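Topology and contacts: notes
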Amino acid sequence: MNLSSRTIAILIALLVAGVLTTYARIGPTLPFREAFLAAGVTVAACFLLLYLSFEALIFREINGIYAGLEHIKRKEFKKLSAKFLFRPEPVKRVRDEILQMAERRQQELDELVRLQALRRDFLADVSHELKTPLFAAQGFVHTILDDEDDDIDLATRRKFLSKAAASLDTLNALVQDLVTIAQLEKGVVRMRRQRFDLIVLVREIFELLEQQAARRGTTVELFPPSLPESGLLVIADRNRIRQVLINLIDNAIKYGRDHGRVVVALIEGSRSVRIAVRDDGSGIAPEHQNRIFERFYRIDKSRSRESGGSGLGLAISKHIVEAHKSTIKVKSTVGEGTTLEFKLSKPKSGLVGS
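Not measured: the values here are computed from a predicted model. (Residues numbered from 1 in each chain as written. Predicted model: local features only at pLDDT ≥ 70, side-chain atom pairs only at ≥ 80, totals over all residues. Heavy atoms only, no water.)

**Let's talk about the overall build of the protein**
So the rule is basically this: Where helices and strands are cited, they refer to DSSP runs of H or I of at least four residues and of E of at least two residues respectively, numbered from the N terminus. Partly exposed describes any residue whose relative accessible area lies between the buried limit of under 20% and the exposed limit of over 50%, with all areas from a 1.4 Å probe on protein chains only and scaled to the type maximum. For this analysis, residues touch if any pair of their heavy atoms sits within 4.5 Å. What sets the accessible areas is the Shrake-Rupley method with a 1.4 Å probe; for residues, cover comes only from the shown protein chains.
Broken down by element type, the protein carries eleven helices and seven strands. Residues classed as buried in the protein amount to 34% of the 354 residues present. Within the protein, contacts between residues separated by at least 24 positions form 73% of all contacts whose residues are at least 6 apart in sequence. Of the roughly 22600 Å² that the protein leaves accessible, carbon and sulfur atoms contribute 57%.

**Topic: a nonpolar patch on the surface**
We count it as follows: A patch consists of residues exposed above 30% relative accessible area that lack any salt bridge, with like charges linked at up to 9 Å and nonpolar side chains (Val, Leu, Ile, Met, Phe, Trp, Tyr) linked at up to 5 Å. The salt bridge definition used is simple: a Lys or Arg side-chain nitrogen within 4 Å of an Asp or Glu carboxyl oxygen.
Among the surface-exposed residues, Leu134, Phe135 and Leu168 lie close enough to one another that they form a single nonpolar patch of about 290 Å² accessible area. Residue position: Leu168 is located in helix α5 (residues 154-186).

**What to know about the packing of α5 against helix α11 (residues 313-323)**
Our working rule: Geometry is summarised by axes, namely lines fitted to C-alpha atoms with helices restricted to the contacting stretch, and by angles between N-to-C directions that run from 0 to 180 degrees. For classification purposes, angles smaller than 35 degrees are called roughly parallel, those larger than 145 roughly antiparallel, those between 65 and 115 roughly perpendicular, and all remaining angles oblique. Left-handed is the label given to a crossing in which the near helix is rotated counterclockwise from the far helix by less than a right angle, and right-handed is the label when the rotation is clockwise. Residues are sorted three ways: Asp, Glu, Lys and Arg are charged, Ala, Val, Leu, Ile, Met, Phe, Trp, Tyr, Cys and Pro are nonpolar, and all the rest, Gly among them, are polar.
Running from N to C, α5 and α11 point in directions that differ by 30°, and their axes come no closer than 10 Å. Accordingly, the angle class assigned to the pair α5 and α11 is roughly parallel. Helix-helix and strand crossings are classified by hand; for α5 and α11 the assignment is left-handed. Seen from α5, the contacting residues are Asp177, Thr180, Ile181, Leu184 and Glu185; seen from α11, they are Ala315, Ile316, His319 and Ile320. Classifying every residue of the contact of α5 with α11 gives five nonpolar, two polar and two charged.

**Let's talk about the sheet that holds strand β7 (residues 337-345)**
This is how the line gets drawn: Whether two strands pair comes down to DSSP finding at least two bridges between them.
Ordered by their spatial adjacency, five strands build an open sheet running β2-β4-β5-β7-β6, and the pairing between neighbours is mixed. The two strands at the open ends of the sheet, each matched to only one other strand, are β2 (219-223) and β6 (329-333). Strand after strand, the sheet turns through a mean of 15° between neighbouring axes, direction not considered. Pairing of β6 with β7 involves five bridges; the strand directions are antiparallel. Within the sheet, the bridge partner assigned to Lys329 lies in β7 and is Glu341. Strands β2, β4 (261-268) and β5 (272-279) of the sheet are contacted by helix α6 (residues 198-208), whose axis makes an angle of about 180° with β2.

**Looking at unusual backbone geometry**
Working note: non-glycine residues mostly have negative phi, and peptide bonds are mostly trans. Cis geometry marks the peptide bond from Phe223 to Pro224; its omega dihedral reads -5°. Checked against the element boundaries, Pro224 lands in the loop between β2 and β3 (233-236). Despite not being glycine, His259 has its phi angle at roughly 60°, a positive value. Assignment of secondary structure puts His259 in the loop between α8 (238-255) and β4. In this model, Lys325 sits at a positive phi of 60°, which is unusual for a non-glycine residue. Here Lys325 is to be found in the loop between α11 and β6. You can call Lys325 exposed: its relative accessible area is 76%.

**Regarding the nonpolar core**
In plain terms, the rule: Joining through side-chain atoms within 4.5 Å is the link that ties buried Ala, Val, Leu, Ile, Met, Phe, Trp, Tyr and Cys residues into a set, and such a set is a nonpolar core.
Counting residues in each nonpolar core, the largest one holds 49 residues, and the members touching the most others are Leu198, Leu245, Ile249, Val264, Leu266 and Phe342. Here this core takes eight residues from α8, the largest share from any one element. Not counting residues within four places of it along the chain, the set of residues in contact with Phe342 comprises Ile241, Val244, Leu245, Leu248, Val273, Arg274, Ile275, Val321, Ser326, Thr327 and Ile328.

Note that every value here comes from positions in space, so none of it alone points to a role or purpose.
Pasting the structure below:
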């Protein structure tokens, strides 16, 4: 049986009034007219008291719950935040708990939707990145295999095979990057920390990327010029930090201006060394700065793989730096350039390097 608050209030009021009127009639003498009037006043008073109590304590709160759920469906969480204060009334506490639970579930649902979209994008990106070098190698090999009349001379065959090998090398590098980032995200890769000279490492990378910088007319500099002759020692996984610096400096050369400057600054502190890689390129817009470390994320979607890389370098660098208890920070102004920086710990005095 579904009874409204008004019906319940009337029934209880009639019951209370009947009991009181019967008592007044049986007890001390009370004229019928006065008893009937007393019953009417009792019914009205009880009705108002109970009806308002039901409305104030229960039904209004239930209506508030439904209204709050509507806000959650519309994702208007800010309108609910001011209402989630401590309330001593049990019904209101239940209301707040229901709304908070519904808000959490809605946010979890939104997060699942976001992760599903990321998963679809990731699968699409992986398929595209794997398909490009694979199809290239396949095309060169099939061209040679389909040449039944030996129309292709030996030099052309070697050229096609070299290009197929280069495509397969690219594919292998991409697979290795995917394996690396998966291991880093799972935390199964252990950093082999050792003491080494950061200045020597940076100069090695300068020599490695010298030809690439020369092709764009880019000057690569170390700052400050007067670094200590005794070296600048840090404690970290040298091979992994080398990988990070190659990614950062390589990106700075690619995305910097033609005939521009790339500066690698090593700033020594009391307990750490801050490494900053700065270019003078077009910069990164604010809406992209938090996403450049995502896998396969490219600011300029039109860039080819050759000019933009696989899109995994910064994602791998982020995980390596975080494994060293640091973070990569982005400072960029559109039209002026970008700086990526992180810190490495200095060895404690007396520590023997491996």
